[in-house]
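Residues per chain are reported as follows:
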Amino acid sequence: MDICMVGTGYVGLVSGAGFAEMGNTVCCVDLNAAKIAVLEKGEVPFFEPGLAELVKRNVEQKRLSFSTDLSGAVRDKDLVFVAVGTPQRSDGAANLLAVDDAVEQIARSCTKHLVLVIKSTVPVGTNARAKRIANSSASFPIHVVSNPEFLKEGDAIKDFLHPDRIIVGCDPNDEHAAQVMERLYKPLSRQRDRLLWMNPESAELTKYVANTMLALRISLMNELSHLCEKVGADINHIREGIGSDTRIGSAFLYAGPGYGGSCFPKDVAALAHMGQEHGVELEITRAITQVNNRQKGVLLRKLKRAFDGDIRGKRIAIWGAAFKPRTDDIRDSPALTLIEGLLSEGAVPVVHDPQALTALRDVITRGIETCDDAYQAVQGADALVLVTEWRQYQNPDFDRIKALLNRPVLIDGRNVWCSFGLEQQGFTYAGIGIKPLSPPLL
């Protein structure tokens, strides 16, 4: 199939490359000329495992191309995806200006019968809104379909090529759109039919509910971690105990310093706003955000407790700036909250991350030090804080760490070191939802 993908951000580029890998011819369009220039050189403007190789292969085999000319790219296409950003507004709602502009330009530029697919994360009613915009601007029939994405950063290629489900929201009487979408996704449904058909409103809402449910599980465990520390329970044992229940499962039950990224924070807020707009107070969604905002301060609180409340002038080594491993995305990362807190307290953050240092330097331009080597960040520091559980941090040389630190203080924001007996090795250690600082710092 001949596809136009409007938007070369995370969703658009991964989806465009994925469709090309399936044998389609895809042109990815973006108004950002600098980004398109990078892509045309065979480079990818962000880190996602396997994506650069996927893009390079499909460009070389002439199935994937890039352009800044939206009108030209849409011309003669049967299928156009909208995968532009929907950033959070100050009131929590999704900003749909880019979606509206893309739909209008696509409608004005199409030269034939067209299926227009909304891939961006959008609130309920956007499909109907897109139909109104398209029908007022197009000279040809346009079928609007909602097809939300479910790509995990760090594992997006696998998620695209081996999806749990493919949600398609379209008018049940729109046989043409249904046939086009079924043919498009046929290669991903050979072993079993992964397509879930529903009306557009249900498809739009499903995306928000999925992310809110996952955020809820994280926030519940983070909230319970504080109770565990008070009563002598271990949050890891709680996770194992409830995760073994098949009705609950073990995913997204790990306590930590709060969730971040581009999806969970804005999607939870957007769902709460959506409910408010329709006269439904979604109290749980607001509680999720409140718990997460509070949890992001947990690492700073533990650090201050380790130093009797005063961390002025202390050098604090931080391992991990990205909001999760296998990405360079620092949006809403717990590391940013920790770094900003340290700076406000007069401490000096010294940060290492395998992929996210460039993004970090762009956001925080003064007051921090960054290191290209993890152990270099530890040298001469007064404490080490693990924020992002990259694999290379999970079993480090603790003898070397102890020799490099001024004081043997470890704050483990992901509980990856909790079973290593670090107290017996002379460290003062604190995790999340397990026993507090042990032994107390002398």
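Residues numbered from 1 in each chain as written. Predicted model: local features only at pLDDT ≥ 70, side-chain atom pairs only at ≥ 80, totals over all residues. Heavy atoms only, no water.

### Overview of the pairing of strand β2 (residues 25-29)
Argument step 1. For β2, the tally of buried residues reaches 4 of 5 residues, placing the bulk of the element in the interior.
Argument step 2. With 5 bridges joining them, strand β1 (residues 2-6) and β2 adopt parallel strand pairing. Across the sheet, residue M5 finds its bridge partner in β2, namely C28. (Buried < 20%, exposed > 50% of the residue type's maximum accessible area, 1.4 Å probe, protein only. Helix = DSSP H or I, 4+ residues; strand = E, 2+ residues; numbered from the N terminus. Pairing = 2+ DSSP bridges.)

### Describing the layout of surface pockets
Argument step 1. In this structure, the second largest pocket encloses a volume near 770 Å³.
Argument step 2. Lining the second largest pocket are 32 residues, with G9, Y10, G85, S262 and R331 positioned closest to its centre.
Argument step 3. Contributing elements (two or more residues each) for the lining of the second largest pocket: α1 (10-21) and α11 (264-277).
Argument step 4. For the lining of the second largest pocket, a count of residues per class yields 11 nonpolar, 11 polar and 10 charged. (1 Å grid on protein atoms, 1.4 Å probe; cavity = no way out; pocket = protein on both sides within 12 Å on 5 of 7 lines; lining within 4 Å. Points joined across faces, edges and corners; volume = space filled by probe spheres on them. Nonpolar A, V, L, I, M, F, W, Y, C, P; charged D, E, K, R; others polar.)

### Some remarks on empty space enclosed by the protein
Argument step 1. Under the counting rule described, the total for this entry stands at 2 cavities of 30 Å³ or more.
Argument step 2. Considering only enclosed or pocket space, the largest cavity measures out at about 50 Å³ in volume.
Argument step 3. In terms of lining residues, the largest cavity is bounded by I118, S120, T121, V122, S146, N147, P148, A203, E204 and K207.
Argument step 4. At 3 residues, the largest contribution of residues to the lining of the largest cavity is made by helix α9 (residues 200-231).
Argument step 5. Split into classes, the residues belonging to the lining of the largest cavity amount to 4 nonpolar, 4 polar and 2 charged.
Argument step 6. There is about 30 Å³ of room inside the second largest cavity.
Argument step 7. Residue lining of the second largest cavity: I235, N236, R239, Y254, A255, R414 and N415, and that is the complete set.
Argument step 8. Residue composition of the lining of the second largest cavity, by class: 3 nonpolar, 2 polar and 2 charged.

### Structural notes on a nonpolar patch on the surface
Argument step 1. A cluster of nonpolar side chains, namely L220, L224, L227 and V231, defines an oily patch on the protein surface of about 350 Å² accessible area.
Argument step 2. The residue L227 is located in helix α9 in this model. (Patch = residues over 30% accessible without salt bridge, like charges linked within 9 Å, V, L, I, M, F, W, Y side chains within 5 Å. Areas by Shrake-Rupley, 256 points an atom, 1.4 Å probe, with all protein chains shown as cover. Salt bridge = Lys/Arg side-chain N within 4 Å of Asp/Glu carboxyl O.)

### Notes on the pattern of salt bridges
Argument step 1. Considering all chains together, one arrives at 23 salt bridges under this definition.
Argument step 2. For R89, the salt bridge identified is with D91, shortest N-O distance 2.6 Å.
Argument step 3. Classification of D91 as partly exposed rests on a relative accessible area of 40%.
Argument step 4. When the shortest N-O distance is used, the salt bridge between D332 and K296 registers 3.9 Å. Separated by 36 residues along the polypeptide, D332 in the loop between β9 (315-319) and α14 (334-344) and K296 in the loop between α12 (283-295) and α13 (298-306) bring together distant segments of the chain.
Argument step 5. On the accessibility criterion, D332 (41% relative accessible area) is partly exposed.
Argument step 6. Residues joined in a network through salt bridges with shared partners are E153, D329 and R331.

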